[in-house]
Amino acid sequence: MKNVTRKDTIFTLLDQDGPFATRENIPYRRIFSSSSRNQVVNLKNTHLLNRYLITRDQIFELLNVSSFPEIKKLIENEENRKAASRRAYSLLSRMFGIAGSENECLVAIKNYSRTADGVIRYLKRAVFSPYSSYLNMDNKVDAINDPVELLLITFDDRYHKKARFEAKRKLVLMQLAAAIEQRERETGIEKKFASFLDFLNNHVWSTEAKIGEQEPAFLLSRHSPEDFSCREVSVHPWDWVPEEKDKPLEYGQKKTLIKRLWFHSRNKKTPIYVIVRKKEPVAKVLKLLRKGEENPDIAVADELGLMGVLDNITDVRIFQKHLVESAFRAGSFLTQEDVSDTLEGGLSYSGNIGSSANTPMLKFFARMGGMRVEFIIHTNKTFLNYIYQRGVAHREYEVNRLFKSGVAELLFPKEIYFLDLSSIKDELLHRFRKQIETEK
């Protein structure tokens, strides 16, 4: 069973191998048709009858109808459709706690639609870029923000199966986006992110530097022909001018730009390459899908994070101590939770589908100042392995987790998009591996 549909959640509605699959024709044109009877039998056999009843009741309430045949009448009556949309906007706004005027509610739901479309566009642009033309969305579905209009498409036999599936997929993604946005409002993530940045600028990084000031440098590395792991690495300022600087790189050599901040500890200046992030809604939706979870409280624990890269393990330990001392200076105790440290050997278990246990790093959550922030710390060498090593590189990891979790198949089923995902996975990995090893 796919990871994404291992439980009874809304994701089962998208499973083209399950009882809620989008068929060639709408099965509810006649109440007592053979297809309707077969549907009930299938639901009982897969223990999804309760999911069907929940979904059916939600559809009827949202559309203000009492039977499936009434939906066909609604499709044919524009005035009734508009009334159903107005009613649905009000109900959905209350469900997700959207405060404000009617226009503010419309804007919020339009943003959910934008996030839903953004998930598909991101996958087309990034992981599936060589096959993006296969995954184009129906223009009508792409343009619609109204949940009622999308829902009615799924019951409208004038639309092709692909369009009806995409309307259903968009509704599911919109529901995830709405749940994420509600959680962000309730947890005050924007305010926490601003507080985190203030903490870093005021207490962690050197106050000798202006906010945003960085020192450009590059890592010159040599990689193993066996697995492209980093064998040796040296750090050079960006204006380094020996003759070797302008020589073409050999196979197995990499030149990686890093723009570093710095901090002072015990009168020593220590440089650190930093990526601070607040996980965006599209990334959060994909994480919910990969984990097969509807609830962002369970699945998205790492929405605030920092990745830091230091020259060596000694500097990593100095930074850990400096971080604790910085929190004290900011008036807060700091504790490190869920610590996983494989920088000096050993393997850590990763519960993430498609992730590699061969990626050395220091990973922990820092609880401080009312926040819980994920820190991932690398040395130069482990950071280069995270980018370039075979079977470990993040671009390969992204492909693996998307396919192994079942998300690729769920969002782009073969019978609709005509892609053999098993062979595509291998081709994508080969393509990204070639880019990693040959790009300058």
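See the structure printed just above.
## Description of the overall build of the protein chain
Along the backbone of the protein chain there are 17 helices and eight strands. Here the protein chain holds 440 residues, and 50% of them are scored as buried. In the protein chain, the share of contacts with a sequence separation of at least 24, taken over all contacts with a separation of at least 6, comes to 71%. When the accessible surface of the protein chain is summed, it comes to about 22,100 Å², and 51% of that surface belongs to carbon and sulfur atoms. Within the protein chain, one finds 70 positive and 59 negative side-chain charges whose respective centroids are separated by 2 Å.

## Details of helix α14 (residues 394-404)
An α-helix turns once per 3.6 residues; consequently, residues spaced three or four apart project the same way. Burial analysis of α14 places eight of its eleven residues in the buried class, the great majority of the element. Listed as buried for α14 are Glu 396, Tyr 397, Glu 398, Val 399, Asn 400, Arg 401, Leu 402 and Phe 403. Next to the buried residues of α14 lie α5 (102-125), α10 (281-291), α15 (407-411) and α17 (421-438). Looking one or two places after α14, you find Gly 406, whose phi comes out positive at around 90°.

## A word on the sheet that holds strand β1 (residues 215-223)
One open sheet accounts for eight strands, arranged β2-β1-β3-β4-β5-β8-β7-β6; its pairing is mixed. Every interior strand has two partners, whereas the edge strands, β2 (230-237) and β6 (335-341), have only one. Strand-to-strand twist in this sheet, taken as the mean axis angle between neighbours without regard to direction, amounts to 35°. Bridging between strand β4 (residues 268-278) and strand β5 (residues 304-310) involves six bridges; their strand directions are antiparallel. Bridge pairing in β5 places Val 274 opposite Gly 308. Here helix α9 (residues 189-204) sits on the sheet and contacts β3 (253-265), β4, β5, β7 (362-368) and β8 (371-379); the angle it forms with β4, its principal contact strand, is near 170°. Sheet contacts for helix α12 (residues 313-329): β3, β4, β5, β6, β7 and β8; angle to β8, the most-contacted strand, approximately 160°.

## Details of the environment of Ala 393
As for its position among the elements, Ala 393 is in the loop between α13 (380-388) and α14. Ala 393 gets classed as buried once you look at its relative accessible area, which sits at 0%. Other than its neighbours up to four places away in sequence, Ala 393 contacts Asn 385, Tyr 386, Ile 387, Tyr 388, Arg 433 and Ile 436.

## Observations concerning the pattern of salt bridges
According to the stated counting rule, one finds 35 salt bridges in the structure shown. Salt-bridge contacts for Asp 341 lead to Arg 317; the nearest nitrogen and oxygen are separated by 2.9 Å. In this pair, Asp 341 is assigned in strand β6 and Arg 317 in helix α12, connecting sequence segments 24 residues apart. Residue classification places Asp 341 among the partly exposed residues on the basis of a relative accessible area of 33%. Residue Arg 317 is classed as partly exposed on the basis of its relative accessible area, which comes to 27%. Here Glu 437 and Arg 390 are joined by a salt bridge, their closest N and O atoms 2.7 Å apart. Here the residue Glu 437 occupies a position in helix α17, and Arg 390 occupies one in the loop between α13 and α14, the gap between them amounting to 47 residues. Taking the relative accessible area as the measure of exposure, Arg 390 reaches 29% and is therefore partly exposed.

## Some points on the pairing of β3
Bridging between β1 and β3 involves eight bridges; their strand directions are antiparallel. Opposite Arg 222, over in β3, you have Gln 253 as the bridge partner. Both β3 and β4 contribute to a ladder of six bridges, which runs antiparallel. Within β4, the position partnered with Arg 260 by the bridge is Tyr 273.

## Observations regarding unusual backbone geometry
Although it is not a glycine, Phe 228 sits at a positive phi angle of roughly 60°. Inspection of the secondary structure puts Phe 228 in the loop between β1 and β2. With phi around 65°, Asn 267 is a residue other than glycine that occupies positive phi space. Position of Asn 267 among the secondary structure elements: in the loop between β3 and β4.

## A short note on α12
Helix length check: α12 (17 residues) gives 24 Å between terminal C-alpha atoms against 24 Å at 1.5 Å per residue, within 8%. Looking at α12, one finds that the buried residues are Asp 315, Val 316, Phe 319, Gln 320, His 322, Leu 323, Ser 326 and Ala 327. At the N-terminal boundary of α12, the capping side chain belongs to Asn 312, with an oxygen 3.2 Å from the backbone nitrogen of Thr 314.

## Thoughts on the nonpolar core
One finds Ile 71, Phe 128 and Leu 289 to be the most contacted residues of the largest nonpolar core, which totals 77 residues. The element best represented in this core is helix α8 (residues 161-187), accounting for ten residues. Setting aside residues no more than four positions away along its own chain, Ile 71 makes contact with Ile 59, Phe 60, Leu 63, Val 65, Leu 152 and Phe 155.

## Quick look at the environment of Glu 76
Looking at where Glu 76 falls in the secondary structure, it is placed in helix α3 (residues 68-76). Taking the C-alpha atoms as reference points, Glu 76 and Asp 156, 80 residues apart in sequence, are found 9.8 Å from one another. Within the structure, Glu 76 has its side chain in polar contact with the side chain of Lys 72 (distance 2.7 Å).

## Notes on the packing of α14 against α17
At a minimum axis separation of 9 Å, α14 and α17 run at an interaxial angle of 170°. Accordingly, the angle class assigned to the pair α14 and α17 is roughly antiparallel. Contacts from Arg 395, Glu 396, Val 399, Asn 400, Phe 403 and Lys 404 of α14 reach α17 at Leu 421, Ile 424, Lys 425, Leu 428, Leu 429, Phe 432, Arg 433, Gln 435 and Ile 436. Of the residues that constitute the contact of α14 with α17, the class distribution is eight nonpolar, two polar and five charged.

Thresholds applied
- Residues numbered from 1 in each chain as written.
- Predicted model: local features only at pLDDT ≥ 70, side-chain atom pairs only at ≥ 80, totals over all residues.
- Heavy atoms only, no water.
- Helix = DSSP H or I, 4+ residues; strand = E, 2+ residues; numbered from the N terminus.
- Buried < 20%, exposed > 50% of the residue type's maximum accessible area, 1.4 Å probe, protein only.
- Contact = heavy atoms within 4.5 Å.
- Areas by Shrake-Rupley, 256 points an atom, 1.4 Å probe, with all protein chains shown as cover.
- Lys, Arg positive; Asp, Glu negative; His and termini not counted.
- Charge placed at Lys NZ, Arg CZ, Asp CG, Glu CD.
- Pairing = 2+ DSSP bridges.
- Axes fitted to C-alpha atoms, helices over the stretch in contact; angles between N-to-C directions.
- Salt bridge = Lys/Arg side-chain N within 4 Å of Asp/Glu carboxyl O.
- Expected span 1.5 Å × (residues − 1).
- Polar contact = N/O pair within 3.5 Å; in protein donor to acceptor, adjacent residues only side chain to side chain.
- Core = buried A, V, L, I, M, F, W, Y, C linked by side-chain atoms within 4.5 Å.
- Parallel < 35°, antiparallel > 145°, perpendicular 65-115°, else oblique.
- Nonpolar A, V, L, I, M, F, W, Y, C, P; charged D, E, K, R; others polar.

These figures come from the coordinates and say nothing about function on their own.
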